[in-house]
Amino acid sequence: MWIDTHCHLDAPEFGADHALTFTLRERAAAAGVGLCVIPAVERSNFDTVRALAHRTGDAYALGIHPLCVPNAQDDDLAALDAALTAHRDDPRLVAVGEIGLDFFVPALCTTAIRERQAFFYRAQLRLARQHGLPVIVHVRRSADQLLKHLRELPTGSGIAHAFNGSEQQAQAFVDMGFKLGFGGACTFEPARQLRRLAAELPMSALVLETDAPDIPPQWLYVTAAERAAGRAQGVNSPAELPRIGAVVAALRGMAVAELQAATTANALQALPRLAALELAP
Ligand SMILES: [Zn+2]
């Protein structure tokens, strides 16, 4: 089976009351996706992702996303700590995430907001350590900073989601016990550096993700001109994961089944609590 290690099944793009979520999740199951990991992004969706994971038979993570940091309050960290404590015996809670640093979005790059992001990131690394959970990190123009804090507060394992850095940065994450998440971005031929990494990194370093509804793969992507002509953007969902896996397998010159088995094993290493769910009937 395939594991989508990162998808926001609770996103508003999937309709009010998750109308589309369940249809797409069934489609993904039919395509062989056995488990999805649904990361929270802010305090207000902690309960939503947990309830959703229980309804769909998936896994979830709790955390405060760097893009949500400008609106987050200090006591959101206490709320996160309380939620991690309350659900410590929930086998579907598999990580602290999505946390990290984003130095791409201009509004997040002021000195004050950069410091605020680092404050939330470090506090959440500490919570992950206290609760014995791995982390799912958002990396955008921030790999070196993320790694610096992680070296001071190591979590043992985790996933650098939507990885898009250098080979040296990839290796540094691997040295910290992390796997690197590859998804729709590497289905685009112009993404040469990313495709080279997907092809050449050790097999043990890779996990797959759709980041749905974000980062649609090439076959769902609609250009600005096409959109202007009335063509709707395709909806990215975990059902796309096997096809993304086939692209990565082709880049590596290996059989799809072999890549499936390896990336699933890697996901269980990165997020060890998934193993109990994988074995569940
Ligand atoms: Zn995400």
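In the block above lies the structure referred to throughout.
Here is a short report on the structure shown in this document. Per chain, residue numbering runs from 1 following the sequence as it is written. Residue-level local features of this predicted model are given only where pLDDT is at least 70; pairs of side-chain atoms are given and counted only at 80 or more, and the full residue set underlies all totals for whole chains, interfaces and linings. Where side-chain values are given, they derive from all heavy atoms of the structure, hydrogens and water being excluded.

### Here we look at the packing of helix α7 (residues 192-200) against helix α9 (residues 241-252)
- Angular values range over 0 to 180 degrees, each being the angle between N-to-C directions of two axes fitted as lines to C-alpha atoms, with helices fitted over their stretch in contact. Where helices and strands are cited, they refer to DSSP runs of H or I of at least four residues and of E of at least two residues respectively, numbered from the N terminus. For the pair α7 and α9, the least separation of the axes is 8 Å and the interaxial angle reads 75°. Between α7 and α9, the angle falls in the class roughly perpendicular. Touching Arg 195, Ala 198, Ala 199 and Glu 200 of α7 are Val 247, Val 248, Leu 251 and Arg 252, all from α9.
- Think of it as three bins: nonpolar holds Ala, Val, Leu, Ile, Met, Phe, Trp, Tyr, Cys and Pro, charged holds Asp, Glu, Lys and Arg, and polar takes everything else, Gly as well. For the contact of α7 with α9, the residue count by class is 5 nonpolar, no polar and 3 charged. Convention used here: angles under 35 degrees read as roughly parallel, angles over 145 as roughly antiparallel, angles from 65 to 115 as roughly perpendicular, and any remaining angle as oblique. Residue contacts are defined here by distance: any two heavy atoms, one from each residue, within 4.5 Å place the two residues in contact.

### A few points about the sheet that holds strand β8 (residues 206-208)
- Here a strand pair is declared whenever DSSP counts at least two bridges between the two strands. If you trace the 8 strands from one edge of the open sheet to the other, you get β1-β2-β3-β4-β5-β6-β7-β8, paired in parallel fashion. Of all the strands in the sheet, the pair left with one neighbour each is β1 (2-4) and β8. Put simply, the sheet's adjacent strands are angled 30° from each other on average, direction ignored.
- Bridge count for β1 against strand β2 (residues 33-39) is 3 bridges, and the pairing is parallel. Paired with Asp 4 across the two strands is Cys 36, which belongs to β2.
- Against the sheet, helix α4 (residues 111-131) engages β4 (93-102) and β5 (135-140), with an angle of about 160° to β4.

### Overview of the packing of aromatic side chains
- Here is the rule: rings of Phe, Tyr and Trp (six-membered ring for Trp) pair when centre to centre is within 6.5 Å. Planes less than 30 degrees apart are stacked, more than 60 are edge-to-face, and the remainder are tilted. Under the counting rule described, the total for this entry stands at 4 aromatic pairs.
- Judged by centre distance (5.8 Å) and plane angle (45°), the ring pair of Phe 173 and Phe 178 falls under tilted. The pair Phe 173 / Phe 178 is uniform in exposure class, with both members buried.
- Ring-pair connections join several aromatic residues into one group, and the members of that group are Phe 163, Phe 173 and Phe 178.
- In this analysis the charged atom, NZ for Lys or CZ for Arg, is taken to sit over a ring once it is within 6 Å of the ring centre and within 35 degrees of the ring normal. When the ring centre of Phe 103 is taken as origin, the NZ or CZ atom of Arg 114, which lies over that ring, is 3.9 Å away.
- Note that Arg 243 overlies the ring of Trp 219, its terminal NZ or CZ placed 4.1 Å from the centroid. Accessibility here uses a 1.4 Å probe with only protein chains present; expressed as a share of the type maximum, an area under 20% marks a residue as buried, one over 50% as exposed, and anything in between as partly exposed.

### So, the coordination of the zinc ion
- Around the zinc ion, the donor atoms from the protein are His 6 (NE2), His 8 (NE2) and Glu 98 (OE), and they sit 2.1 to 2.2 Å away.
- Mapped onto the polypeptide sequence, the residues donating to the zinc ion form the spacing pattern H-x1-H-x89-E. Of this pair, His 6 sits in the loop between β1 and α1 (19-30) while Glu 98 sits in strand β4, and the two are 92 residues apart along the sequence.
- Of the residues examined, Glu 98 reaches a relative accessible area of 1% and is grouped as buried. Donor atoms (N, O, S) are those found within 2.8 Å of the metal centre, with the cutoff raised to 3.2 Å for Na, K and Ca; water is not part of the atom list, so apparent gaps in a site can occur.

### Description of unusual backbone geometry
- In this structure, the amide linkage connecting Gly 97 to the following residue, Glu 98, adopts the cis form with an omega of 10°.
- Residues Ala 212 and Pro 213 are joined by a peptide bond in cis, for which omega reads 5°.
- Residue placement: Pro 213 occurs in the loop between β8 and α8 (224-228).
- If you check the backbone angles, Asp 17 has positive phi at about 55° while not being a glycine.
- Residue classification places Asp 17 among the exposed positions, given a relative accessible area of 70%.
- Phi is positive for His 18, close to 60°, though the residue is something other than glycine.
- Relative to the helices and strands, His 18 is located in the loop between β1 and α1.

### Digging into the pairing of strand β7 (residues 178-182)
- In terms of burial, β7 is a largely internal element, 5 of the 5 residues being buried.
- As defined by bridge partners, strand β6 (residues 158-161) adjoins β7 across 3 bridges and the pair is classed as parallel. Its bridge partner lying in β7, Ile 159 is registered against Lys 179.
- Whether a crossover is right-handed depends on one test, that the path from the first strand over the helix to the second runs clockwise when the strands point away from the viewer. Handedness of the β-α-β unit built from β6, helix α6 (residues 167-175) and β7 comes out right-handed.
- With 3 bridges connecting them, β7 and β8 associate as parallel partners. Paired with Gly 181 across the bridge in β8 is Val 207.

### Some details on the pattern of salt bridges
- By convention in these notes, a salt bridge is any Lys or Arg side-chain nitrogen within 4 Å of a carboxyl oxygen on Asp or Glu. For the coordinates displayed, the defined rule picks out 10 salt bridges.
- A salt bridge links Arg 25 to Asp 58; its shortest N-O distance comes to 2.7 Å. Taken together, the residues Arg 25 in helix α1 and Asp 58 in the loop between α2 (46-56) and β3 (59-62) connect sequence positions 33 residues apart. The exposure classification of Arg 25 matches that of Asp 58, with both residues buried.

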